[in-house]
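Here is how the chains run, residue by residue.
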Amino acid sequence: MAERVSIVGVPVDICQPDKLENEIMEILAKPGTKQIIFLSIWDLLKARRKGDFADCVKSADLIIPISKSILRAAAVLKKPVPVRYNPFNAVIQILSVLDSHFKTIYLLGSSKKTISKVEHNIKDTFPSLKVIGRYVGYYPKTSEPDIIQAIFKAQPSLVLVSDGIREKNCWAYRRRNQFSSSTFLYYKDAFGIFSERVRRVDEKTFDKGLEFFAEIAHNPFKIFLIVRLFFFSLTVVWYKLFKK
């Protein structure tokens, strides 16, 4: 089992790459609705506030850090330092695990054209991973009961959720009692990258923890998030000085 630590009050899991397959298989074996979360620094800050997202993170079966700032905070607080994953690489690793065990997947999100290409590419890359359903994002509210019913009946090993699902990670959490036994994973760019519509962050940029600047290049208004990062640093210092 992955070791869970608390970073400024938010749970984060330590899962070594060579233990990921066992961790995924243990999660799949659990009854009911399960969830894997990619936790960015912005998600961590959001999870510190009360609400559905905080509850969603706390109840998740695996919380994988994807921001270098989370690792730095753990080191400053003298906590065991988690392993940071590139989210798309982690998706590939998880799908490889499912493929090697002849599992099933349901695709949820994006446009009809994109999701069709994603399905085709997944079938080509993971021939033993069976795609047993798909539904586009940006759907009308009236379609939701059909989506939930389809997932409930199909019982896919994994539901991969991407762009076009407004509630993101909370979509599965808020409907967790309406599914039978599936694991949900939300990654906004998953389908965009699979369909070659979205460009992946350069590996060197990600390894250096500079992917935030790539985000600013696409959306200059995100530069104001630096203020939040500053307050996060102050929070870490406060925890180090005053929290035991």
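Read on for an overview of the structure. (Residues numbered from 1 in each chain as written. Predicted model: local features only at pLDDT ≥ 70, side-chain atom pairs only at ≥ 80, totals over all residues. Heavy atoms only, no water.)

### A short note on the nonpolar core
It is characteristic of soluble globular proteins that their nonpolar side chains tend to be buried jointly.
In step 1: Formed by 36 residues in total, the largest nonpolar core has its most connected members in Ile24, Leu62, Leu95, Leu107, Ile122 and Leu160.
In step 2: Of all the elements in the fold, those that place two or more residues in this core are helix H1 (20–29), strand E3 (34–39), strand E4 (62–65), helix H5 (87–100), strand E5 (104–108), helix H6 (112–125), strand E7 (158–161) and helix H9 (190–194).
In step 3: A per-element tally of this core places H5 first, with seven residues.
In step 4: Those residues in contact with Leu107 that lie beyond four places of it in its chain are Ile115, Val118, Glu119, Ile122, Val131, Gly133, Arg134, Tyr135, Leu160 and Phe191.
In step 5: The next biggest cluster of nonpolar side chains, apart from the first, holds 29 residues, and it includes Leu45, Ala60, Ile70 and Cys170. (Core = buried A, V, L, I, M, F, W, Y, C linked by side-chain atoms within 4.5 Å. Buried < 20%, exposed > 50% of the residue type's maximum accessible area, 1.4 Å probe, protein only. Helix = DSSP H or I, 4+ residues; strand = E, 2+ residues; numbered from the N terminus. Contact = heavy atoms within 4.5 Å.)

### Regarding unusual backbone geometry
In step 1: With a phi close to 45 degrees, Val8 is a non-glycine residue in the positive phi region.
In step 2: Note on placement: Val8 falls in the loop between strand E1 (3–7) and strand E2 (10–14).
In step 3: The phi dihedral of Tyr138 is positive, around 55 degrees, even though this residue is not glycine.
In step 4: Along the polypeptide, Tyr138 turns up in the loop between strand E6 (130–135) and helix H7 (144–154).
In step 5: Since its relative accessible area comes to 60%, Tyr138 is described here as exposed.

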